[in-house]
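Commentary on secondary and tertiary structure
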Amino acid sequence: MNRKSYKTFFLCLLAICYTLILCVVYIHFGHTKIGYDGDEVFSYMSSNSEVNYKELTALQDNSWYPSEYFHDALSVKEGYRFHYEIPVRNQATDVHPPFYYILLHTICSFFPGQFSMWYGIALNIILTLLSLFVLFLLLRLFIGGSFLPLTICFIFGMTYGVINNVLFIRMYVLLMLLVTLQYYLHLRMFLALKLTTDKFKFGQLILLALVTILGTLSQYYFLIFLFWLAAFFCLILFIQKKWTALFQYVLTILISGICSVIMYPTMIKHIFSGYRGEEAAHKLVSIQGTFGDIREMFSIMSRQLANRHLGQILVIMLFWALLLLLLKKLTVKNIAYTLILSLPAILYFLTITKISPYVIDRYITPVYGIIFGLTAAGVVMLTKITLSNVRTVSINYFIAALILCIGAFFSIHHMTGNVEQSRYWFSDRNQAIKEYTSENNFCIYISADEYHWKIWSEFPSFLEYEKIYYIDGLLWNSVSDKTISDYNKILVYIEDGVDIEKAKSYIQRELGYRTWELLFESAYAEGYIIK
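Here is a short report on the structure shown in this document. (Residues numbered from 1 in each chain as written. Predicted model: local features only at pLDDT ≥ 70, side-chain atom pairs only at ≥ 80, totals over all residues. Heavy atoms only, no water.)

Another point: the nonpolar core. Grouped together as the largest cluster of nonpolar side chains are 169 residues, with contacts concentrated most on Phe142, Tyr249, Ile446, Phe459 and Tyr493. Considering each element in turn, this core owes the most residues, 15 residues, to helix 10 (residues 172-195). Once residues within four sequence positions are removed from consideration, Tyr493 is found in contact with Ile433, Cys443, Ile444, Tyr445, Ile446, Glu458, Ser461, Phe462, Tyr465, Phe520, Ala525 and Glu526. (Core = buried A, V, L, I, M, F, W, Y, C linked by side-chain atoms within 4.5 Å. Buried < 20%, exposed > 50% of the residue type's maximum accessible area, 1.4 Å probe, protein only. Helix = DSSP H or I, 4+ residues; strand = E, 2+ residues; numbered from the N terminus. Contact = heavy atoms within 4.5 Å.)

And the structure:
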């Protein structure tokens with residue numbers, strides 16, 4: 001085996017080892033997941049239920065519902081496998097496009113009549129590994145070689161932000177994949193244009209259109225990243241007078257947008273008249289709290305990518321670069337080039353922070369790969385320039401050791417730690433339900449939500465019972481089934497928004513129970529044992 005073959009074999013072996021370790025880590029944290037965010041439950045409902053979620057959650061007052069009712073809402077029925085009209089139709093009444101739900105429906109269709117968090121986590125693991133592969137290709141353009149890009153991708157895959165995102169069964173891992181891929185495609189197209197004539201190849205344009213369409217049909221925030229990326233790309237083509245390429249690019253983006261609308265015309269209503277679109281427009285024109293939101297969102301990103309040290313790392317890199325500039329080992333052009341490369345991700349971060357309904361991580365995770373990759377590539381390049389008199393092989397080994405040490409200290413999430421999407425705070429609730437169901441097989445749920453969205457957070461917990469009795473806390477009609485009062489104790493869910501004193505008076509009047517004991521707190525409800 002010659003030297004080149006040996007190197008290729010080593011890199012393949014390293015890639016396999018890194019991949020296996022990442023899969024083991026993701027599966028380990030998957031086992032720590034003991035609860036669901038309401039949006040995750042909605043992902044399953046919208047992907048799999050042939051009944052629209054608005055009808056599904058509008059339960060009838062003073063009525064019994066078997067647990068199978070809620071199980072059917074979360075799983076694919078035998079006769080509806082690979083029935084893609086379901087997620088497309090359901091998402092028409094929501095605020096998001098359907099592509100992620102189509103993928104989740106595909107996974108669930110292989111397991112009809114079953115519900116498991118692992119269907120969503122498995123999909124996210126696949127999408128995450130694809131994202132890391134695209135990031136690897138991107139890093140090869142930045143720093144060359146394969147060993148360092150592989151190591152950086154491995155460290156990124158082990159960060160809190162990525163692990164947490166894998167466990168969150170929503171479309172944001174998919175969005176990270178498509179955002180990173182779109183960024184990589186633009187960079188490749190630009191580099192290819194420098195080596196060829198004043199036009200793009202047809203295959204490049206087809207791939208650009210495909211990623212644009214899939215991104216648009218995954219999450220509308222993709223369009224914000226594309227806006228900034230396309231703006232800079234067109235500006236560069238204009239400055240360089242690449243007129244044919246500019247025309248091809250603009251035409252491809254326009255055709256992609258038209259195709260997206262033709263494939264999913266509901267997106268027009270979602271963007272311009274949906275409640276999320278209206279919220280975004282309102283926040284865009286409001287100045288109040290903007291700087292506080294930016295500071296808080298950056299703090300979230302710093303915690304999830306660099307264990308709260310991202311700001312310090314960037315400051316050190318800045319002074320490092322300035323020192324090399326003074327020593328004439330670095331030029332202003334190099335710094336400007338790096339800034340231009342990072343601007344689409346930075347402007348996406350600022351725009352999303354400005355318009356997003358909540359200051360939470362899910363909205364900024366799509367650019368995590370680009371930001372982490374650019375930061376790591378910056379450290380590598382600064383180190384190479386600083387050690388420019390040392391042998392190349394020695395530099396590579398030194399940089400690899402440096403990156404591993406920095407990554408282990410600042411970025412890699414410890415296996416013993418918790419992540420938010422494990423929903424570890426539901427352990428008390430789950431244990432309480434387990435103990436209760438060993439004696440009784442039903443519960444009562446009292447709601448005061450006229451839009452019926454809070455209750456779906458409890459659908460997975462309802463599977464632990466045989467049946468659930470639903471009471472409308474806005475009506476307070478008489479209980480129709482008085483046999484409920486025959487039991488010594490009953491578990492009652494009191495939804496947020498329900499007047500607890502009215503609920504106690506109602507239960508005492510209708511069923512005779514007087515003693516209330518708070519058992520647990522859930523996402524949008526509290527569980528009480530009444531005796």
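Once that is clear, we can look at a nonpolar patch on the surface. A surface patch of nonpolar side chains, amounting to about 370 Å² of accessible area, comprises Phe82, Tyr84, Phe110 and Phe111. Along the chain, Phe110 falls in the loop between helix 6 (99-109) and helix 7 (117-143). (Patch = residues over 30% accessible without salt bridge, like charges linked within 9 Å, V, L, I, M, F, W, Y side chains within 5 Å. Areas by Shrake-Rupley, 256 points an atom, 1.4 Å probe, with all protein chains shown as cover. Salt bridge = Lys/Arg side-chain N within 4 Å of Asp/Glu carboxyl O.)

Another aspect to go through is helix 8 (residues 147-157). Judged by how many residues are buried, helix 8 sits mostly within the fold: 10 of 11 residues are covered. Listed as buried for helix 8 are Leu148, Pro149, Leu150, Thr151, Ile152, Cys153, Phe154, Ile155, Phe156 and Gly157.

What follows covers the packing of helix 1 (residues 3-31) against helix 7. The geometry of helix 1 relative to helix 7 is characterised by a closest axis approach of 11 Å and an angle of 150° between their N-to-C directions. Of the possible angle classes, the one that applies to helix 1 and helix 7 is roughly antiparallel. In this structure, the crossing between helix 1 and helix 7 has a hand that is right-handed. Of helix 7, the residues touching helix 1 (which contributes Thr19, Leu22, Cys23, Tyr26, Ile27, Gly30 and His31) are Met117, Trp118, Ile121, Ile125, Thr128, Leu129 and Leu132. Residue classes in the contact of helix 1 with helix 7 are distributed as 10 nonpolar, four polar and no charged. (Axes fitted to C-alpha atoms, helices over the stretch in contact; angles between N-to-C directions. Parallel < 35°, antiparallel > 145°, perpendicular 65-115°, else oblique. Left-handed = near helix turned anticlockwise from the far one by under 90°. Nonpolar A, V, L, I, M, F, W, Y, C, P; charged D, E, K, R; others polar.)

Here we come to the side chain of Thr57. Topologically, Thr57 is positioned in helix 3 (residues 53-57). Given the relative accessible area of 2%, Thr57 is considered buried. Reaching out from Thr57, the side chain makes a polar contact with the backbone oxygen of Tyr53 at a distance of 2.8 Å. Excluding residues within four positions of it along the chain, Thr57 makes contact with Met45, His452, Ile455, Trp456 and Phe459. (Polar contact = N/O pair within 3.5 Å; in protein donor to acceptor, adjacent residues only side chain to side chain.)

All right, on to the state of the cysteines then. Should the sulfur atoms of two cysteines be covalently bonded, the bond is a disulfide. With the rule as written, the count across this model stands at zero disulfides. Here Cys12 is not cross-linked by a disulfide; its sulfur's nearest cysteine counterpart is in Cys17, at 11 Å. (Disulfide = S-S within 2.5 Å.)

Moving on to the packing of aromatic side chains. According to the stated counting rule, one finds 40 aromatic pairs in the structure shown. Ring geometry for Phe82 against Phe110: centres 5.2 Å apart, planes inclined by 80°, an arrangement best described as edge-to-face. A residue pair is termed long-range when its members are at least 10 positions apart, and Phe82 in the loop between helix 4 (67-74) and helix 5 (85-91) and Phe110 in the loop between helix 6 and helix 7 qualify at 28 residues. Phe82 gets classed as partly exposed once you look at its relative accessible area, which sits at 33%. The class for Phe110 is exposed, based on a relative accessible area of 52%. Ring plane angle 75° and centroid distance 5.1 Å describe the contact between Tyr424 and Trp425, whose orientation is recorded as edge-to-face. Among the residues examined, Trp425 registers a relative accessible area of 37% and is labelled partly exposed. Here a set of aromatic residues connected by ring pairs shows up, and it is made of Tyr65, Tyr69, Phe70, Tyr436, Tyr445, Phe459, Phe462, Tyr465, Tyr493 and Phe520. Cation over ring: Arg429 sits above Phe426, and NZ or CZ is 4.3 Å from the ring centre. Cation over ring: Lys467 sits above Trp64, and NZ or CZ is 4.5 Å from the ring centre. (Phe/Tyr/Trp six-rings, centres within 6.5 Å; stacked < 30°, edge-to-face > 60°. Lys NZ or Arg CZ within 6 Å of the ring centre and 35° of its normal.)

Attention now goes to the pattern of salt bridges. Counted by the stated rule, this structure contains 10 salt bridges. One salt bridge connects Lys33 with Glu40, and the closest N-O pair in it is separated by 2.8 Å. Overall, Lys33 belongs to the buried group, its relative accessible area being 4%. Among the salt bridges present, the one from Glu50 reaches Lys77, with a minimum N-O distance of 2.9 Å.

By themselves these figures say nothing about function.
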